[in-house]
Amino acid sequence: VSISIQDPDVTPTSLSIAVIGDTHLPEGPEPLAAFRELLLEVKAAQPDLVLLVGDYIFDPKSEQLSDHREKIIIAIKLVDPVPRAVVLGNYESWSNADNWFAEFQRLGVDVMENEVSVLETFKGPVCVRGLGDKFTSRYQYVDYPDACKSNPKLTITHDPAGAFDRRIKGLVIAGHTHCGQVSLPFIGPLWVPTDAPSFAHCGLHEGSNITVFVTSGVGTSILPLRYGAQSQWDYVNLNIGR
């Protein structure tokens with residue numbers, strides 16, 4: 001995917017970005033091994049930045065969630081030393097978001113909710129704004145600090161509905177929708193759980209002030225199948241100009 005955005009305050013540059021969304025990992029060694037393999041595949045692609053946009057688990061009511069959560073967070077470190085930005089999804093909110101934040105902190109992996117981080121990439125500093133999940137009412141608007149004015153800027157959030165706060169401009173990357181997960185010819189997706197407008201349910205939307213990219217995601221939820229909505233992580237070539 002190639003995306004171009006304009007920012008008069010930033011020296012023109014390009015960034016390669018890996019986007020991983022909605023892995024929905026069931027418990028057990030085989031799904032975890034597949035997740036680790038995916039992360040190593042992402043790292044081998046040598047992106048400048050890795051973005052993980054939420055919904056890491058399949059069953060938020062699992063009795064073995066504590067052990068599963070720890071293994072997922074440790075696996076995320078496999079992309080090191082590539083800088084990464086992480087937000088939570090609704091499945092993490094449904095399984096006690098505070099526990100997720102505490103475990104991320106204990107294991108030394110930064111996770112964002114309604115805050116901005118400056119990540120050092122091989123192309124220089126990049127300001128990433130991580131916004132809370134709108135679907136589970138954890139979204140709060142935050143602005144970029146003045147220190148980010150001359151840096152490339154992008155926003156990540158789980159539910160693309162969070163992109164449509166009128167104060168938000170520039171690039172927003174999200175997941176959550178699975179691109180419908182089941183999408184029929186001539187009919188389209190049977191159901192998409194978001195208040196985002198239909199043009200922001202899947203793929204790239206380029207508007208006058210905002211550009212939204214919604215990844216179709218890796219896993220499945222509710223039904224263990226996909227039709228007409230590919231399972232994948234995305235490699236984004238971002239070009240920033242004046």
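Above this text sits the structure in question.
What counts and what doesn't
Residues numbered from 1 in each chain as written. Predicted model: local features only at pLDDT ≥ 70, side-chain atom pairs only at ≥ 80, totals over all residues. Heavy atoms only, no water. Helix = DSSP H or I, 4+ residues; strand = E, 2+ residues; numbered from the N terminus. Buried < 20%, exposed > 50% of the residue type's maximum accessible area, 1.4 Å probe, protein only. Contact = heavy atoms within 4.5 Å. Areas by Shrake-Rupley, 256 points an atom, 1.4 Å probe, with all protein chains shown as cover. Pairing = 2+ DSSP bridges. Axes fitted to C-alpha atoms, helices over the stretch in contact; angles between N-to-C directions. Core = buried A, V, L, I, M, F, W, Y, C linked by side-chain atoms within 4.5 Å. Polar contact = N/O pair within 3.5 Å; in protein donor to acceptor, adjacent residues only side chain to side chain. 1 Å grid on protein atoms, 1.4 Å probe; cavity = no way out; pocket = protein on both sides within 12 Å on 5 of 7 lines; lining within 4 Å. Points joined across faces, edges and corners; volume = space filled by probe spheres on them. Nonpolar A, V, L, I, M, F, W, Y, C, P; charged D, E, K, R; others polar.

> Give a detailed account of the overall build of the chain, specifying residues and quantitative values.
Helix and strand counts for the chain come out as 4 helices and 13 strands. Here the chain, with 242 residues, has 57% of them falling under the buried criterion. For the chain, restricting intrachain contacts to residue pairs at least 6 apart in sequence, the fraction spanning at least 24 positions comes to 74%. Carbon and sulfur atoms form 51% of the exposed surface of the chain, whose accessible area is close to 11200 Å².

> Which residues make up the sheet that holds strand β6 (residues 124-130), and what are the values?
Backbone hydrogen bonds are what pair the strands of a sheet, in a parallel or an antiparallel way. Across the sheet, which stays open at both edges, the 6 strands sit in the order β5-β6-β7-β8-β12-β11 with mixed pairing between neighbours. Looking along the sheet, the strands with just one partner apiece sit at the ends: β5 (115-121) and β11 (203-206). Ignoring strand direction, the axes of neighbouring strands in this sheet form an average angle of 25 degrees. Bridging between β6 and strand β7 (residues 153-156) involves 4 bridges; their strand directions are parallel. Bridging from a neighbouring strand, G130 pairs with I156 of β7.

> Describe the nonpolar core, with residues and values.
Formed by 29 residues in total, the largest nonpolar core has its most connected members in I20, V50, L88 and F104. Mapped by element, the contributors of at least two residues to this core are β2 (13-20), α1 (29-44), β3 (49-52), α2 (65-76) and α4 (97-106). In terms of residues, this core owes the most to one element, α2, which gives 5 residues. Here L88 is in contact with G54, Y56, A97, W100, F101, F104, V111, D133 and H158, once residues within four sequence places are set aside.

> Could you give an account of the side chain of D7, naming the residues involved and the relevant values?
Mapped onto the secondary structure, D7 falls in the loop between β1 (2-6) and β2. Overall, the relative accessible area of 13% leaves D7 in the buried class. Side chain to side chain, D7 and K153 meet in a polar contact 3.0 Å long. Ignoring sequence-local partners within four residues, the contact set of D7 consists of N151, K153, I240, G241 and R242.

> Give a description of the sheet that holds β1 that names residues and reports values.
Reading across the sheet, the 5 strands line up as β1-β13-β2-β3-β4 and stay open at both edges, with mixed pairing between neighbours. Among the strands making up the open sheet, the edge pair consists of β1 and β4 (84-86). Going from strand to strand, the sheet's axes swing by 25 degrees on average, the running direction of each strand aside. Of the strand pairs in this sheet, β1 and strand β13 (residues 234-241) are connected by 5 bridges, and their pairing is parallel. By the bridge assignment for β13, I5 is matched with I240.

> Explain empty space enclosed by the protein residue by residue, including any values.
Scanning all chains against the criterion turns up 1 cavity of 30 Å³ or more. What the largest cavity holds in volume is close to 30 Å³. Residue lining of the largest cavity: V87, L88, S93, M112, E113, L131, G132, D133 and R138, and that is the complete set. Each residue belonging to the lining of the largest cavity can be placed in one class, and the counts come to 4 nonpolar, 2 polar and 3 charged.

Honestly, that's just the spatial picture; any functional story needs more than this.
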